[in-house]
Amino acid sequence: MVDELFQDLFKIRPNRKNIKTGEILIAEPFLEGKYFSRSVVYITEHDEKGSIGFVMNKPMYYDVCDVVSELEGIHIPVYIGGPVEQEQLYYLHNHPELLHAQPVADGIYWGGDFRHLVYLLREGDILPGEIRFFAGYSGWEAGQLKKELSESSWMVGRIPMERFFEDFENDLWGKSMEELGGIHRIWANFPENPKMN
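Caption draft 1: Molecular detail of the layout of surface pockets. Put simply, the largest pocket is a space of about 160 Å³. Along its surface, the largest pocket is lined by T21, T44, E45, L89, Y90, Y91, Q102, P103, V104, W110, G111 and G112. Elements with a contribution of two residues or more to the lining of the largest pocket: β2 (40–47), β6 (84–93) and β7 (102–105). The residue inventory of the lining of the largest pocket, partitioned by class, reads six nonpolar, five polar and one charged.

Set out below in structure tokens:
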């Protein structure tokens with residue numbers, strides 16, 4: 001049975017062949033690769049030029065204070081956002097007052113002025129449960145994501161804004177499979193490396 005924590009978390013559409021900004025991609029069980037195997041990706045940009053998103057469930061072994069000296073003492077996890085520009089730090093949050101923050105969807109904002117961010121974090125105006133940090137991002141060229149969706153490499157869903165900042169870690173993928181039911185529930189318990197079974 002699905003944990004109460006994850007009941008009604010997603011509105012998943014396994015056969016959708018398109019996606020919109022603010023929705024999530026859920027990797028099909030046999031999608032391989034260091035970054036996308038069993039990943040859940042939040043899409044921040046999707047248009048005719050391509051798509052950008054951030055992997056939500058691949059935490060690093062660092063907090064933001066370990067990688068940014070200005071945020072010493074601020075203990076918020078950093079996630080691997082994807083394979084592109086991993087030396088850059090990106091952030092999603094729910095604070096429209098952060099200068100130059102770009103609205104994504106459903107009260108989620110992307111980026112903003114870093115000095116202002118440091119100030120808001122230090123003053124306690126942005127709390128750990130209101131922001132997610134990512135090293136790098138995931139990117140697709142024009143038409144690439146549409147092709148992957150047509151090949152059923154991904155399922156499409158949504159995370160309600162009030163659940164967006166929860167610390168899902170690696171459970172996020174498995175619970176989303178369980179929520180789909182049927183064969184997906186079996187896949188949720190399938191070992192990541194079948195040779196280890």
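Caption draft 2: Here's a closer look at empty space enclosed by the protein. Inspection of the entire model under this criterion finds one cavity of 30 Å³ or more. What the largest cavity holds in volume is close to 30 Å³. Taken together, G22, Y42, A105, D106, I108, I159, P160, M161 and F164 make up the lining of the largest cavity. The residue makeup of the lining of the largest cavity, split by class, is seven nonpolar, one polar and one charged.

Caption draft 3: Quick peek at the environment of E166. In this structure, E166 sits in the loop between β10 (154–157) and α4 (171–180). Each C-alpha atom of the pair E166 and R132 lies 9.4 Å from the other, and the pair is 34 residues apart in sequence.

Caption draft 4: Main features of the packing of aromatic side chains. By the definition in use, this model includes 11 aromatic pairs. With a centroid separation of 5.9 Å and an interplanar angle of 25 degrees, the aromatic rings of F36 and W140 are classed as stacked. Placement of F36 in the loop between β1 (24–27) and β2 and of W140 in strand β9 (residues 131–141) is noted, with a sequence separation of 104 residues between them. Taking the relative accessible area as the measure of exposure, W140 reaches 6% and is therefore buried. Measuring from centroid to centroid gives 4.9 Å for F164 and F165, while their planes differ by 75 degrees, and the two rings are edge-to-face. The class of F165 is buried, set by a relative accessible area of 14%. Taken together, F54, Y79, Y90, W110, F134 and Y137 form an aromatic cluster joined through their ring pairs.

Caption draft 5: Region of the structure containing a nonpolar patch on the surface. Together, Y61, Y62 and V67 make up an exposed nonpolar region whose accessible area comes to about 410 Å². Within the secondary structure layout, Y61 lies in strand β4 (residues 59–63). Overall, Y61 belongs to the exposed group, its relative accessible area being 84%.

How each quantity is defined
- Residues numbered from 1 in each chain as written.
- Predicted model: local features only at pLDDT ≥ 70, side-chain atom pairs only at ≥ 80, totals over all residues.
- Heavy atoms only, no water.
- 1 Å grid on protein atoms, 1.4 Å probe; cavity = no way out; pocket = protein on both sides within 12 Å on 5 of 7 lines; lining within 4 Å.
- Points joined across faces, edges and corners; volume = space filled by probe spheres on them.
- Helix = DSSP H or I, 4+ residues; strand = E, 2+ residues; numbered from the N terminus.
- Nonpolar A, V, L, I, M, F, W, Y, C, P; charged D, E, K, R; others polar.
- Phe/Tyr/Trp six-rings, centres within 6.5 Å; stacked < 30°, edge-to-face > 60°.
- Buried < 20%, exposed > 50% of the residue type's maximum accessible area, 1.4 Å probe, protein only.
- Patch = residues over 30% accessible without salt bridge, like charges linked within 9 Å, V, L, I, M, F, W, Y side chains within 5 Å.
- Areas by Shrake-Rupley, 256 points an atom, 1.4 Å probe, with all protein chains shown as cover.
- Salt bridge = Lys/Arg side-chain N within 4 Å of Asp/Glu carboxyl O.

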